[in-house]
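Descriptive structure summary
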Amino acid sequence: MKKVLFVCSANVFRSLAAELAVRRELGETSSVQVSSGGVFFKRIKPLREDVRSTLNVHGLDPNAHTPREVTPEILANVSLVISMGLDHQEALQTRFRTSSVLFNELALGEPTSVKDLIEVLAEFWKTPDRAREYVAHTIQEIVDCSAAVANAIFRINFADSAGYASIIESVF
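Residues numbered from 1 in each chain as written. Predicted model: local features only at pLDDT ≥ 70, side-chain atom pairs only at ≥ 80, totals over all residues. Heavy atoms only, no water.

Comments concerning the side chain of Asn 11
The residue Asn 11 is located in the loop between β1 (2-8) and α1 (14-26) in this model. When its relative accessible area of 0% is taken as the criterion, Asn 11 is described as buried. Side-chain polar atoms of Asn 11 contact the side chain of Ser 15, separated by 3.0 Å. Apart from the residues lying within four places of it in its own chain, the contact partners of Asn 11 are Leu 16, Ser 36, Gly 37, Gly 38, His 65, Thr 66, Pro 67 and Arg 68. (Helix = DSSP H or I, 4+ residues; strand = E, 2+ residues; numbered from the N terminus. Buried < 20%, exposed > 50% of the residue type's maximum accessible area, 1.4 Å probe, protein only. Polar contact = N/O pair within 3.5 Å; in protein donor to acceptor, adjacent residues only side chain to side chain. Contact = heavy atoms within 4.5 Å.)

Below, the structure is given as structure tokens:
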């Protein structure tokens, strides 16, 4: 079985949305198992209500999710790591000597980040309406890209030892 791990900061927003949306796209009978984790995980944070409600609007149920930290043990048991941001990609390489591909590389062919709320609105708690809009917009983008990411995962030759550069080449 192929195992794919989506990684973001705390595993309560972007990687969770990607896990749920791509799992749905892959289908219940898929030979690919998806999960998620946080690379800057400090403590378990509850899901923001706007994240929970937006996921529900898209038919994605986050209720069974427990945020978790990326560990060497988790990484040892996955076939592919997909980072939501450049900072996650760098942290995985620095801390765990693990390479990853970016979500937007698989979805759009662009080596760019899916930005976290705090990267866009540094003091997001002061503008809750703008924060909710950004969360809804970002989850919509992840959902919209999930079919492309699922298709890319299906096309990847997991036995190829040439690394992540060959993964991107094989997808595009």
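Right, picking up where we left off after that structure.
Some remarks on the nonpolar core
Ranked by size, the top nonpolar core spans 42 residues in total, and within it Phe 6, Ile 82, Phe 103 and Val 149 carry the most contacts. Among the secondary structure elements, those contributing two or more residues to this core are β1, α1, β2 (32-38), α2 (49-57), β3 (80-83), α5 (103-108) and α7 (128-155). When residues in this core are grouped by element, the largest group, eleven residues, is from α7. Once residues within four sequence positions are removed from consideration, Val 149 is found in contact with Phe 6, Val 22, Ile 82, Phe 103, Leu 106 and Ala 107. Judged by nonpolar contacts, the second largest core, of eleven residues, contains Val 7, Val 78, Leu 92 and Phe 96. (Core = buried A, V, L, I, M, F, W, Y, C linked by side-chain atoms within 4.5 Å.)

Observations concerning the pattern of salt bridges
The final tally for this structure, using the stated rule, is seven salt bridges. Between Arg 23 and Glu 19 there is a salt bridge; the shortest N-O distance is 2.6 Å. Residue Arg 23 and its partner Glu 19 are both found in helix α1; the two are separated by four residues, about one turn of the helix. A salt bridge links Asp 129 to Arg 132, with the shortest nitrogen-to-oxygen separation between them at 2.1 Å. Of this pair, Asp 129 and Arg 132 both sit in helix α7, three residues apart, roughly one helical turn. (Salt bridge = Lys/Arg side-chain N within 4 Å of Asp/Glu carboxyl O.)

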